[in-house]
Amino acid sequence: MDVQALRTLLDLDRRGSLSAVATHADVAVSTIARRLDSLEAALGLRLLDRRANGVRLTAEGQRIAALAGPIVEQAARIDRAAAALKASAHGGSVTISATEFVVSEILAPLLPDLWRAAPDLTVTLRAQGEVVSLAAREADLAIRMSRPTEPSLIAQKIGEVPLGGFASPAWLDGRDPSTIGLSDAQLLVYDDSYGRIAELDWVAAQGLTGAVMLRSGSTRALINACAAGGGVALLPVRAAGRAGLVPVKVPFALPPRPVWLLTHRDIRRLPPIRAAHRWIERAFAVQP
């Protein structure tokens, strides 16, 4: 049986649409559809309910997806074991998933430090907001803003990102930043693609949900919209400062965003993973 097709079925159950699965896997929607068609043909079951407004799993599809979970996990364990065997003879490789800001502003500039410690290590940095599956080896290490609950993962808190409200000088137009009322401003905030991050709960608790005019998983998009005069953005202090944005007083302090470093228990002792893990810890330890 095609394990890849079973993994695709599980991914569809988790993400809810063919396009979301295709985007995550970086393949065409037609490729995802063919995998699922072949799985239905192999099993002789109708697994998908195809409607004009999207695709969902049938009762049979949900049952097969539940049974497929251990199979997909076992296949991933074989992949991890193979990686361990290869790592014992070669320099190895590591795939790190993190947000756009972490990849571009924190990790990429410090890669020479990693290569001084592990000269033969090949690195893939994936800038992605959505939560990846370490069990399925979509990444070896992940840096996330919310703590996972999967028992197979090891989560270590490696830092906190201070946040604040910011606006452009053009948007302020001479007004005192300390007098701006957020409820009367257009708010630009992160979406929930990183998980339930702290500032989303803060926005709701302050009764500011109605003021939100833009949600995005892209730090660059929020900065650019704010710099163009789009409103007040809730941003990491470091990123906003580099962009020349002006701090705006918020009624209550924004909670800092915790940063978690995740890895799977099965591969945590591999030399490439340990080297990358130590490097990421150091990278966050030296952040101002």
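Look up: the structure comes first, before these words.
The written sequence of each chain sets the order in which its residues are numbered from 1. With the structure being a predicted model, the display of local features is reserved for residues of pLDDT at least 70 and the display and counting of side-chain atom pairs for 80 or more, all residues being used for whole-chain, interface and lining totals. To get the side-chain values, take all heavy atoms of the structure and skip hydrogens and water.

Peer 1: Lay out the overall build of the protein chain in plain terms, naming residues and giving numbers.
Peer 2: Helix and strand assignments follow DSSP, with helices taken as H or I runs no shorter than four residues and strands as E runs no shorter than two, numbered in order from the N terminus. Helix and strand counts for the protein chain come out as 11 helices and 12 strands. Along the first, second and third principal axes, the C-alpha atoms of the protein chain reach 65 × 55 × 30 Å. By residue count, 43% of the 288 residues in the protein chain fall in the buried class. Only the protein chains shown count as covering a residue, and every accessible area follows the Shrake-Rupley method with a 1.4 Å probe. Accessible surface for the protein chain amounts to roughly 14,200 Å². Of this, 53% is attributable to carbon and sulfur atoms. For this count, His and the chain ends are skipped, Lys and Arg are scored as positive, and Asp and Glu as negative. Charged side chains are reduced to one point each, which is NZ for Lys, CZ for Arg, CG for Asp and CD for Glu. The centroid of the 33 positive side-chain charges in the protein chain is displaced by 4 Å from the centroid of its 28 negative side-chain charges. Note on exposure labels: buried denotes an accessible area under 20% of the residue type's maximum, exposed denotes more than 50%, and partly exposed covers the range between, all computed with a 1.4 Å probe on protein chains only.

Peer 1: With reference to specific residues and values, describe the environment of Ser178.
Peer 2: Along the chain, Ser178 falls in the loop between α7 (169-172) and β8 (187-190). With a relative accessible area of 41%, Ser178 lands in the partly exposed category. Measuring from C-alpha to C-alpha, the distance between Ser178 and Ala108 comes to 35 Å, with 70 residues separating the pair along the chain. We call two N or O atoms a polar contact when they sit within 3.5 Å, provided that within protein one can donate a hydrogen and the other can accept it, with sequence-adjacent residues counted only if both atoms are side-chain atoms. Looking at Ser178, its side chain comes within polar contact range of the side chain of Asp176, at 2.9 Å.

Peer 1: I'd like a rundown of the sheet that holds strand β5 (residues 141-144), residues and numbers included.
Peer 2: Spatially, 5 strands are ordered β4-β3-β5-β12-β6 in an open sheet, and the strand pairing comes out mixed. Each end of this open sheet is capped by a strand with a single partner; those strands are β4 (122-127) and β6 (153-161). Sheet twist, expressed as the mean angle between neighbouring strand axes with direction ignored, is 20°. Think of it this way: DSSP has to see at least two bridges between two strands before they count as a pair. Across 4 bridges, β5 lies against strand β12 (residues 257-264) in antiparallel orientation. If you follow Ile143 over to β12, its bridge partner there is Leu261. Here the axes come from fitting lines to C-alpha atoms, over the contacting stretch only for helices, and the angles between their N-to-C directions go from 0 to 180 degrees.

Peer 1: Any chance you could break down the packing of aromatic side chains for me, citing the residues and the numbers?
Peer 2: Only the six-membered ring of Trp is used, alongside the rings of Phe and Tyr, when aromatic pairs are assigned; centres must lie within 6.5 Å, and planes under 30 degrees apart are stacked while those over 60 apart are edge-to-face, with the rest tilted. All told, the structure shown has 0 aromatic pairs when counted by the stated rule. When the NZ atom of lysine or the CZ atom of arginine is within 6 Å of a ring's centre and also within 35 degrees of its normal, the charge is said to sit over that ring. The ring of Trp171 has Arg175 lying over it, and the distance from NZ or CZ to the ring centre is 4.5 Å. The residue whose ring lies beneath Arg257 is Tyr190, and the NZ or CZ to ring-centre distance is 4.5 Å.

Peer 1: For the nonpolar core, give the residues involved together with the corresponding values.
Peer 2: Among the nonpolar cores identified, the biggest contains 62 residues, and Ile96, Leu107, Ile143, Leu235 and Ile280 are the most heavily contacted of them. Per-element accounting of this core gives the leading share, 7 residues, to helix α11 (residues 271-285). Two residues qualify as a contact provided that any one of their heavy atoms is within 4.5 Å of a heavy atom in the partner residue. Those residues in contact with Ile143 that lie beyond four places of it in its chain are Ile96, Ser97, Ala98, Thr99, Val102, Leu107, Val259, Trp260, Leu261, Ile280 and Phe284. Among buried residues, those of type Ala, Val, Leu, Ile, Met, Phe, Trp, Tyr and Cys that are joined through side-chain atoms within 4.5 Å constitute a nonpolar core. Membership of the second largest hydrophobic core comes to 18 residues, among which are Leu36, Leu39, Ala65 and Val72.

Peer 1: Can you tell me about the pattern of salt bridges, naming the residues and giving the values?
Peer 2: Throughout this description, the term salt bridge denotes a Lys or Arg side-chain nitrogen within 4 Å of a carboxyl oxygen of Asp or Glu. In total, this model carries 10 salt bridges according to the counting rule given. Arg15 serves as the salt-bridge partner of Asp11, at 2.7 Å between the closest nitrogen and oxygen. Here Arg15 and Asp11 lie together in helix α1 (residues 3-15), a separation of 4 residues that amounts to about one turn. Judged by relative accessible area, Arg15 falls into the partly exposed class, the value being 23%.

Peer 1: Lay out empty space enclosed by the protein in plain terms, naming residues and giving numbers.
Peer 2: Points on a 1 Å grid, built from protein atoms alone, make a cavity when a 1.4 Å probe fits but cannot get out and make a pocket when they are open with protein on both sides within 12 Å along at least 5 of 7 lines; residues with an atom within 4 Å of a point are the lining residues. Grid points are joined across faces, edges and corners, and a volume is the space filled by probe spheres set on the points. For the structure on display, the rule yields 1 cavity of 30 Å³ or more. Its volume calculated, the largest cavity comes out at about 50 Å³. As for the largest cavity, its lining consists of Thr99, Phe101, Met145, Val161, Tyr190, Tyr194, Thr219, Pro236 and Arg257. Counted by class, the lining of the largest cavity contains 6 nonpolar, 2 polar and 1 charged residues. Any residue that is not Ala, Val, Leu, Ile, Met, Phe, Trp, Tyr, Cys, Pro, Asp, Glu, Lys or Arg is counted as polar, Gly included; the first ten are nonpolar and the last four charged.

Peer 1: Give me the lowdown on the sheet that holds strand β11 (residues 246-248), citing residues and values where you can.
Peer 2: In space, the 5 strands of this open sheet follow the order β9-β8-β10-β7-β11, with mixed pairing throughout. Each end of this open sheet is capped by a strand with a single partner; those strands are β9 (212-216) and β11. Each adjacent strand pair in this sheet contributes to an overall mean axis angle of 40°, direction not counted. Relative to β11, strand β7 (residues 163-167) runs antiparallel, the two being bridged by 3 bridges. Within the sheet, the bridge partner assigned to Phe166 lies in β11 and is Pro247. In the packing of helix α8 (residues 198-205) onto the sheet, the strands contacted are β7, β8, β9 and β10 (232-236), and the crossing angle to β8 comes to about 140°. The strands that helix α9 (residues 219-227) touches are β7, β8, β9 and β10; relative to β8, the one it contacts most, it runs at about 170°.

Scope: geometric values only; no functional claims are made or implied.
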